[in-house]
Amino acid sequence: MSSHYEAPIRRPLIIGDKSYHDISVDVAAPVEGKANKLWWIAFSIALLAFLWGIGSIIYTIGTGIGVWGLNKTVGWAWDITNFVWWVGIGHAGTLISAVLLLFRQKWRMGINRSAEAMTIFSVIQAGLFPVIHMGRVWNAHFVLPLPNQFGTLWTNFNSPLLWDVFAISTYLSVSLVFWWTGLLPDFAMLRDRAVRPFQKKIYGMLSFGWTGRAKDWQRFEEVSLVLAGLATPLVLSVHTIVSFDFATSIVPGWHTTIFPPYFVAGAVFSGFAMVNTLLIIMRKVSNLEAYITEQHIELMNIVIMITGSIVGCAYITELFIAWYSGVEYEQYAFLNRATGPYWWAYLLMMSCNVFSPQFMWFKRLRTSITFSFIISIVVNIGMWFERFVIIVTSLHRDYLPSSWTMFSPTFVDIGIFIGTIGFFFVLFLLYARTFPVIAQAEVKSILKSSGEKYKKLRDGNHE
Amino acid sequence: MASNKKYWKSVEELKEKSSIVDTLKQNEFFEEIPTDIFLGDKETLETSSTTRRDFLKYVGFTTAAVTLASCEGPVVKSIPYIIQPDDIIPGVAEYYATTMADGFDFANVLVKVREGRPIKIEPNKDANGITNARVQASVLSLYDSLRLKGPKANGAEISWSEADQQIIAKLNEVKATSLPIAVLTGTSASPSTKKLIAKLNETFENVTHVEYDAISESAALDAFEEMYGTRALPDYHLEKAEVIVSIGADFLGSWQGGGFEASYSKGRVPTNGKMSRHIQFESNMSLTGANADKRVVIKPSEQNLALIKLYNAVVSGILTTEETPLNDTIQKAARQLIKAGSKGVVISGIQDKNAQLLALAINKALNSEVLDVNVTKNIRKGNDAHVAQLITDMNEGKIGAVIICNSNPVYTLPNSAAFVEGLKKVKLSVAFSMQDNETAKAVQYSLATPHYLESWGDAEIRKGQYSLIQPTIKTLFNTRQFQDCLLAWTGSTATYYDFLKETWNNEILGGASWNQALHDGVFTAEAVQSDAISLEVDLETAASQLAEVKGSDLELQLYVKIGLGDGQMANNPWLQELPDPITRTSWDNYLTMSKADAEALGATNNHVANGALNGSLVELTLNGVSEILPVLIQPGQAKGSLGLAFGYGRKQGLKAEMQTGKNAYAFYKDFNNFQPNVSLKLVPGEHEFACVQLQNTLMGRGDIIKETTLEIFNTVDSKEWNIVPVVSLDHNEVEAGSVDLWDSFDRSIGHHFNLSIDLNACNGCGACIIACHAENNVPVVGKEEIRRSRDMHWLRIDRYYSHQEDFAGDNELKANGKGVMGFKNAMDTLEDPSENPSVAFQPVMCQHCNHAPCETVCPVAATSHGRQGQNQMAYNRCVGTRYCANNCPYKVRRFNWFEYPNNSKFDYNMNDDLGKMVLNPDVVVRSRGVMEKCSMCIQMTQATILKAKKEGRPVNTNEFETACSIACTTDALVFGDVNKPEDTVKSLAEDKRAYHLLEHIGTKPNVVYHVKVRNTQES
Amino acid sequence: MSNKVVQAMYNDDDILMDAVKEVRAANYHIEEVYTPFPVHGLDKAMGLKGTRIAITAFLYGCVGLVFSIWMMDYMMIKDWPQDIGGKPSFTFIQNMPAFVPIMFEMTVFFAAHLMVITFYMRSRLWPFKEAENPDPRTTDDMFVMEVIVDGNEEELVAFLKKTGTVEIKVTEKH
């Protein structure tokens, strides 16, 4: 058993007396079992919100962007706020599955599947906004460098918004294949367990006929490694480029060189929070406490605490640099941010993002499931307001005082945002019922090294 | 459908019981249907490829095809010329010289006509024509869909011939009763019309002609008559003035008919070290006061005293003893006047004959060459006394008939109720009107007259300067001119055109060519002999009488807005949406009030969540008459005084959207714009303003509007007062403009356009805004959208108040705000304007930056830089991400939030076929979801280039123009090609006053501003 | 030759590993091994060659980079150069800084997708592909080793029995 040696101080990642087969059973349980009442309630609520969102979007496209609260001075508000927020949330998944894979962090295996699912679903939400915020959605294809009847009519590769188009689409598609490749063996497992022919057929199709040959596994691991290697810079680049939308502009409060790292940290921050939110529920509902252990939650809380502190430093740096620059427009932008008409938003952002994660220094709090859950929600509220503050408070009072004005959302703004949340949960709930929510193949591979039972055995031998 | 017709098949049917008939009855067809021919032989049937299914398929397909064919696409109407008129070249604009003379505005204009449609008004510069916002917008009133479309008798439509018969009959009855026939007209200044009224008098005897100005200048007219013998208005050549002291005269507005902005600004631009000094005593913050070097805030009643004191000081050298600040300023003003001597002038807007006498007397004493008593102006003739008399006579039944023309007394008279009563008592009441307005409703006969762009006519605006009015389009409706009617009623068969031509040939032209005059639009008689005779006037009594005018602790000062003027164009959406230059509020009139008074009363102005401005409501009462009005807190309003604008509150014949504000004429007692003894009461509720500028101060950002004083300008090097921002390059400071990341494009070849804006010359009148509206098909968005900060103006005029008494003070205050808290406190305080702020105007349109931030960020390259310096928009490429607008530091980009044309939610001129006729075919109407902005009138510059090319010549010096630069009467906006050394703009761009807006960002704009210089010399 | 194979089934990865080693030591030819999860070192034990899929990824990445450079050079510099915010569109290199983000994205895009497609093609994975694992339990908790029979069936079976298999099946492999 020496090949599976792991330091005894490491706490087991798989609790209880589990065999390979048990893992299969546990993972397949939610898929093969019936949905309980709770799931149906959650699903119908999510669906309702989703439909409301669709309604609002149709209304917007049919009538004009004027149905939103925007005006001549504030050209972006909730639309881009939501866009950045969702993209940010997306980052956790890739980070967990890619970066932690590179660092050989075994604890990723319990959560990466769901984290990646969340990534894909939230990037879908994010991708929605750059499209519907266009005044003429029906011409959205103009942003692609397509050959056209005018021959010489190309896109503008100088524009950060076009960089976004490439970054987001690359990010979405790459995370999708990464996710899917990982899913193949697990789909195969479901396929081979399936009794109902329909299920067999579906999972047969989804699993691409995976058989688990030694050679395939060899390639599989190589591919996962390379994809992780590609996804890591990609995930960093995506939010960097999103931050370029602001950083490369000339609006005081946007034109800031600190944005790329600060945005990435913020993204990881909000992403891990969202992963916490989802998994804390899921481990209960689909009783996977054995695989998503308190240790997982704690580790993620630590990440949240660290990234939260980074974000906090960024806020302070911004303020300092604004003052230090000696440029009155910069100085006023940040003064107005903190003390202007939107001071309450700034206060919310500060307290949610900078102060609340500091509780995680206390082991009792970061190991408390309920507390982690609350904090994860608080953090995501805070991160939404961060984007709102950056976008709206910078725009509404910029260079010429004559153009200063205010922004207030309409019910359509709100409707679309709620709608995307609904859409997100519709997707996630469906996923939780039909997909192997834990990368069981990978978990099996660490069962002997990090399984509670085997560790006990080994540690026994050592004495 | 069973028809009970019986058809004969054969004679057999005549017989009853004919076997043949019976058989015929039995079978429908005479011979067998040859079914067996094809059903008979099986094999062909079997072999045939068409199965039943196929057959059904074909049926289905054809049905579908037919259905599809029956749906038709939208039909676009385009009517070709059957016979193309040889003077019209499609796509090429024609210009006609004509004259606007609507009784309130008088201007020599050029009318731009495209394919027979007048689409734009431009000043006739050869005839030193001046077009203010109203004149510019008047073209849209031509296409007003609510015009009076034909003659009506008691509301019922009738034909012109019937109308003529009935009216002539009635006139003859009146003639029999030998009661006077009153002709009530607005000031027409038309020689030929005068003749026609005289002609009317010949036919029907005792015809009295009463002239009536809605906004009276009677006092000035009477005073001038008393002093110089003729009832006319003197002219003021303000360009000659070194010191201008104005007491309550808004001469940049519509004081005495306006039209002084050009001459005023000539004297305001510092040339070889000199510019005029302008001291303004006033209670409301007027456009004139906003432009003054020194603005003294005093209540209307105090203005009388100020004038008397000034008179005493200047004329009789008496210096008042008690030392109040007011006296001090008056002394200083007086000294400066005396110093300036013949180059000084005093102007008064006080509607009091005595006051006007004193003003004239002071100028006489100075023997001011600014005042011109010889070439007098005829643009105001109204006589309040006569009007008042007429109304009493009407009510006493002493008037037989009333013929009203070019005037809307039922709306504009303070005692309109009495007038309406009077109308009931006269035998015949006729109103000639273009609109279906209040008066047209009140009279028996409302006769539709054409718009001035559809009419013939003439006007003697200045003595000896005759202007012609010629039609530029065939009458749109069944209208007939007042003059034609008079001719018809006086039994003449001639048309007014003949009469006009005859009159001119006989009396005016003196042998000169009629065609030439028509072409020029004006004719100036050579020697104008002055009939100004100096009369002795007892000024002491005048002064003492004036001194007796009692004030009160709350005084109302009525004023005229740039936008609506006297209100006759209230149905004109362009003017309704034009923000007031001072309050920057559109779609409303309101009670302006000083902050102190508002606080005392508990009235507030506050901003709602989306920033829109709300104000408390108050009830204003003046002996019996009372009205609920919104309060707008106005910096620079005299404590204890209120301001209220004329021209609003019309209801009759207006679209619902245009029925804005309250009627101020109700408070126009005795035609006096100064009304003491008004009382105020706060009433519950709030009013929603449509204000386009929500931040009123400059926040100490002195680099946005650079200012200096005349001394500094003359004595110190420009580096001191026109500070160029510097950046650090390799640790030494260099001018921001000189630093560049990349090697630049070559902009020295071909044309490169620049627009120069002189902040000294610009007085904020807003004519350019309307010109831009007309030229570029800018949509009107309406009150609600303005409240959402979504105005679409491509060109706006920002107005800033200072927090200290001048902007230099603000800059200091900001500089002194040391440390974070200091800075915060400075900013907080700077947000509210001073009690009597100094004001600055700044026209802002797209700056056409050579390093445009908007271009870089557009993902689809819908906006990029042209070879001629313009920042261009490709509307049909734009997807509407609004990133460009966010990244524009000047916030000049405008987004089409909705579909504005053909949208019943925006029921303005672009929503009806008539209103659309004003659209400029050279400029596309933008669709929903597209970003738009100033194009530097690229359609005009291209046309100019093309014209030169056709004529095989280089473009002439200063030939390039934009809509705004043409409209600008003060030459504040100068457009041209900087690659052309002769063009004026070239030298202006290199002037020592020249600077770029927000230069430190390095956008390298093609719009140049000129530092504002104020003449602060106290003595 | 006949393509008869013996399928020996194991229920533990460590036992499988030892078995694989023994079988190879005894010079039997292991046709294939099916496992429910990646068993580390198995490929070495079976003597499989290392995969070269990472190299293809690198090459694909280069293709992506070159393509993006060509695309932006053609569209922004060659075909229709414009004055956009005064940015120099004279040569590619002057305008290049603005193109870096997309160059990177395209590199990743090409590398990731083409590599995965290659993997699917080489391992014959695509929708509607029939699974070929000998026993459904091989995706759950069973490990199957296929050894080619050539005339020595009994001996082979006997040998495998000793390697701790839980089940043995002899089948025709098509």
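Summarised in this report is the structure supplied together with it. (Residues numbered from 1 in each chain as written. Chains lettered and ligands numbered in written order. Predicted model: local features only at pLDDT ≥ 70, side-chain atom pairs only at ≥ 80, totals over all residues. Heavy atoms only, no water.)

1. As for the overall build of chain A
At step 1: Each helix and strand counted, chain A has 16 helices and zero strands in total.
At step 2: In terms of C-alpha radius of gyration, chain A reaches 24 Å, essentially the compact-globule figure of 23 Å for 463 residues.
At step 3: Along the longest, intermediate and shortest principal axes, the C-alpha atoms of chain A span 75 × 55 × 45 Å.
At step 4: Relative to its 463 residues, chain A shows a buried fraction of 66%.
At step 5: For chain A, restricting intrachain contacts to residue pairs at least 6 apart in sequence, the fraction spanning at least 24 positions comes to 82%.
At step 6: For chain A, the exposed surface amounts to about 15,800 Å²; the carbon and sulfur share of it is 74%. (Helix = DSSP H or I, 4+ residues; strand = E, 2+ residues; numbered from the N terminus. Rg over C-alpha atoms; globule rule 2.2 N^0.38 Å. Buried < 20%, exposed > 50% of the residue type's maximum accessible area, 1.4 Å probe, protein only. Contact = heavy atoms within 4.5 Å. Areas by Shrake-Rupley, 256 points an atom, 1.4 Å probe, with all protein chains shown as cover.)

2. Comments concerning the packing of aromatic side chains
At step 1: Applying the stated criterion across every chain, the model contains 94 aromatic pairs over all chains.
At step 2: Note on Trp210 of chain A and Trp217 of chain A: the rings are 4.9 Å apart at their centroids and 75° apart in plane angle, and the pair reads as edge-to-face. Assigned by exposure class, Trp210 of chain A and Trp217 of chain A land together as buried.
At step 3: Centroid distance Trp384 of chain A to Phe385 of chain A: 5.2 Å. Interplanar angle 80°. Geometry classified as edge-to-face.
At step 4: Look at Trp384 of chain A and you get buried, because its relative accessible area is 7%.
At step 5: Taking NZ or CZ as reference, Arg877 of chain B lies 4.9 Å from the ring centre of Phe142 of chain A, over its face.
At step 6: Over the face of the ring belonging to Phe713 of chain B we find Lys992 of chain B, whose NZ or CZ atom lies 4.6 Å from the ring centre. (Phe/Tyr/Trp six-rings, centres within 6.5 Å; stacked < 30°, edge-to-face > 60°. Lys NZ or Arg CZ within 6 Å of the ring centre and 35° of its normal.)

3. Quick look at the interface of chain C and chain B
At step 1: Counting from both sides, the interface comprises ten residues of chain C and, opposite them, 13 residues of chain B.
At step 2: Of the roughly 1,100 Å² buried between chain C and chain B on both sides combined, carbon and sulfur atoms contribute 59%.
At step 3: At the junction of chain C and chain B, the tally comes to one salt bridge.
At step 4: Arg747 of chain B serves as the salt-bridge partner of Asp83 of chain C, at 2.9 Å between the closest nitrogen and oxygen.
At step 5: Applying the counting rule to chain C against chain B returns five residue pairs in polar contact (both at pLDDT 80 or more).
At step 6: Looking at the side of chain C that touches chain B residue by residue, the class counts come to three nonpolar, five polar and two charged. (Buried area = accessible area lost by both parts, 1.4 Å probe. Salt bridge = Lys/Arg side-chain N within 4 Å of Asp/Glu carboxyl O. Polar contact = N/O pair within 3.5 Å; in protein donor to acceptor, adjacent residues only side chain to side chain. Nonpolar A, V, L, I, M, F, W, Y, C, P; charged D, E, K, R; others polar.)

4. What to know about the pattern of salt bridges
Residues and elements named next belong to chain A.
At step 1: Using the criterion set out here, one finds 77 salt bridges over all chains in the structure.
At step 2: Two residues, Arg337 and Glu318, come together in a salt bridge whose shortest N-O distance is 3.6 Å. Here Glu318 lies in helix α9 (residues 294–325) and Arg337 lies in helix α10 (residues 328–339), a separation of 19 residues in the sequence. Across the pair, Glu318 and Arg337 agree in class, each one buried.

5. Considerations on the sheet that holds strand β1 (residues 4–10) of chain C
In a beta sheet, neighbouring strands pair by backbone hydrogen bonds and run either parallel or antiparallel.
Residue and element names in this part refer to chain C.
At step 1: Ordered by their spatial adjacency, four strands build an open sheet running β2-β3-β1-β4, and the pairing between neighbours is antiparallel. Edge positions in the sheet fall to β2 (30–34) and β4 (167–172), since each of these pairs with one other strand and no more. Strand-to-strand twist of the sheet, defined as the mean angle between neighbouring strand axes without regard to direction, takes the value 20°.
At step 2: Its contacts with the sheet put helix α1 (residues 13–25) on β1, β2 and β3 (143–148), and the angle it makes with β3 is roughly 10°. (Pairing = 2+ DSSP bridges. Axes fitted to C-alpha atoms, helices over the stretch in contact; angles between N-to-C directions.)

6. Comments concerning unusual backbone geometry
At step 1: Look at Asp730 of chain B: it is not a glycine, yet its phi comes out positive at around 50°.
At step 2: Judged by its relative accessible area of 65%, Asp730 of chain B is exposed.
At step 3: Of note, the phi angle at Phe128 of chain C is positive, near 70°, even though the residue is not glycine.
At step 4: Positionally, Phe128 of chain C belongs in the loop between α5 (100–122) and β3.

7. Focus: the interface of chain A and chain B
At step 1: Opposite the 63 residues of chain A that make contact, chain B presents 63 residues.
At step 2: For the pairing of chain A and chain B, the buried interface totals around 5,100 Å² over both sides, and the portion due to carbon and sulfur atoms is 57%.
At step 3: Together, Lys72, Arg136 and Leu400 of chain A form the three largest contributors to the area buried by chain A at its contact with chain B, with a combined 15%.
At step 4: One can count five salt bridges joining chain A with chain B.
At step 5: In this structure, Lys814 of chain B and Glu328 of chain A form a salt bridge, with 2.7 Å as the shortest nitrogen-oxygen distance.
At step 6: Where chain A touches chain B, the interface holds 41 residue pairs in polar contact (both at pLDDT 80 or more).
At step 7: The leading source of residues in the side of chain A that touches chain B is α10 of chain A, at six residues.

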